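Residue-level listing of the chains:
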Amino acid sequence: MARAPTGVALACRAGVVGRGAPVLHYVALHEAAHLLELNHSPRYWAHVARVMPGWQAHRAWLRTHGHTL
Ligand SMILES: [Zn+2]
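Residues numbered from 1 in each chain as written. Predicted model: local features only at pLDDT ≥ 70, side-chain atom pairs only at ≥ 80, totals over all residues.

(A) Looking closely at the environment of A49. You can see A49 is positioned in helix α2 (residues 42-51). Each C-alpha atom of the pair A49 and L29 lies 9.9 Å from the other, and the pair is 20 residues apart in sequence. (Helix = DSSP H or I, 4+ residues; strand = E, 2+ residues; numbered from the N terminus.)

Structure, rendered in structure tokens:
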């Protein structure tokens, strides 16, 4: 029998999901861009920036909070 999640657990999950969607988009884009460039060269980041301007904010968020996902 599954235990009902506590309010705290639900709040944490809501926070991750609410912020997680664009971050997950960034992760998917990051991997897709590696199909074009197998490295993190300026050309690679140009591909990422073309599809997702402002990707730096998502990368920074992942560096800070990624271990909590
Ligand atoms: Zn990469």
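We are not done yet, so read on.
(B) Local environment of the environment of H34. Tracing the chain through its elements places H34 in the loop between α1 (7-33) and α2. Take H34: there are 14 C-beta atoms within 10 Å of it, and that puts it in the partly exposed class. Here the alpha-carbon distance between H34 and H47, two residues 13 residues apart in the chain, equals 9.3 Å. (Buried ≥ 20, exposed ≤ 12 C-beta atoms within 10 Å, placed from the backbone.)

(C) How the structure looks around the environment of V27. With respect to the helices and strands, the residue V27 is situated in helix α1. Classification of V27 as partly exposed rests on a count of 16 C-beta atoms within 10 Å. Along the backbone, V27 and L62 are 35 residues apart, and their C-alpha atoms lie at a distance of 9.2 Å.

(D) Here's a closer look at the confidence of the model for the protein chain. Confidence in the prediction for the protein chain averages 81 pLDDT; 71% of positions are at 70 or higher. When mean pLDDT is taken per element in the protein chain, α2 scores highest with 97 and α1 scores lowest with 71. Confidence drops under a pLDDT of 50 for residues 4-12, and excluding neighbours within four residues, the segment shows 1 contact in the predicted structure. (pLDDT = per-residue confidence, 0-100. Contact = placed C-beta atoms within 7 Å.)

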